[in-house]
Amino acid sequence: VLAGGGPYNAITYLNTFTADPDMQYNRNGYIPFFIRGMICGEHLVVADSNIYAPEVIENGYNLLFNSTQLSYWHTLLGLNVNEVLHPDFYAPDYNNNEDILKLIAAARKNSLVNYDMPTTPIKLYHSPLDNTVPYACSVELHERWNNTTLTDLESDQHYKGGIEFMAKYMGIWPLIKDFIKDIEFSK
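Undergrad: What is the right way to look at unusual backbone geometry in this model?
TA: Apart from glycine, the bulk of residues carry a negative phi angle, and the bulk of peptide bonds sit in the trans form. Located in the positive-phi region is Asp93, a residue other than glycine, with phi close to 55°. Relative to the helices and strands, Asp93 resides in the loop between α6 (70-77) and α7 (98-109). On the basis of relative accessible area, Asp93 is assigned to the exposed category, the value being 61%.

Below, the structure written as structure tokens:
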């Protein structure tokens, strides 16, 4: 479900958003994107009303997840994570909400850190200042798999980090670095 870059530990990714009910995040669309990936990938049967905040259901936003672009979800869902996720995400043992427990099990199963270390060396590139994917995901993978190297990127945004990664890989980062640092990507 999460192959490629990003949340190598899906539990850490999810815990980032449930650690503080007052957390604000300007890319809240990634939360249902992540949830939908787990639900689709694992063929889970869950009720949206047990996963999403009541205001998401009342406003019918969950129905728009099938018909609108991800970029619109960020605007639609605002900044408050607790207005996206069901209150049980913040309760001890998730109030035994069976649908959340299914989602947690799927996230655990799909966490790359839980798989055997590959025999091929892995190079990880991630910015400690990433504003979209928690840097902790790369640190955990690097700590678990001893055949990895972790290169800290200097960019202060997720998208800039992607550009920096590609440019460093191609050996042209010194040529474009000063230009990229002045670019601001929209929400």
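Undergrad: Got a minute to help me understand the side chain of His86 in this structure?
TA: Tracing the sequence through the fold places His86 in the loop between α6 and α7. With sequence-adjacent residues up to four places away left out, His86 is seen in contact with Ser49, Asn50, Ile51, Tyr52, Ala53, Asn97 and Ile100.

Undergrad: I keep staring at the packing of aromatic side chains and nothing clicks. Help me out?
TA: The relation between two aromatic rings is expressed through the spacing of the ring centres and the mutual angle of the planes. This model, assessed by the stated rule, comprises 9 aromatic pairs. Pairwise contacts between aromatic rings join Tyr13, Phe17, Tyr25 and Phe34 into one cluster.

Undergrad: How should I be thinking about the pattern of salt bridges in this particular structure?
TA: Close approach of charged atoms lets side chains of opposite charge pair. Using the criterion set out here, one finds 5 salt bridges in the structure. For Glu42, the salt bridge goes to Lys109, with nearest N and O atoms at 2.9 Å. Residue Glu42 is found in helix α2 (residues 30-42), and its partner Lys109 is found in helix α7; the two are separated by 67 residues along the sequence. Assessed through its relative accessible area of 22%, Glu42 is described here as partly exposed. The closest approach of N and O atoms between Lys102 and Asp99, which form a salt bridge, is 3.8 Å. Of the two residues, Lys102 and Asp99 both sit in helix α7, 3 residues apart, roughly one turn of that helix.

Parameters and conventions
- Residues numbered from 1 in each chain as written.
- Predicted model: local features only at pLDDT ≥ 70, side-chain atom pairs only at ≥ 80, totals over all residues.
- Heavy atoms only, no water.
- Helix = DSSP H or I, 4+ residues; strand = E, 2+ residues; numbered from the N terminus.
- Buried < 20%, exposed > 50% of the residue type's maximum accessible area, 1.4 Å probe, protein only.
- Contact = heavy atoms within 4.5 Å.
- Phe/Tyr/Trp six-rings, centres within 6.5 Å; stacked < 30°, edge-to-face > 60°.
- Salt bridge = Lys/Arg side-chain N within 4 Å of Asp/Glu carboxyl O.

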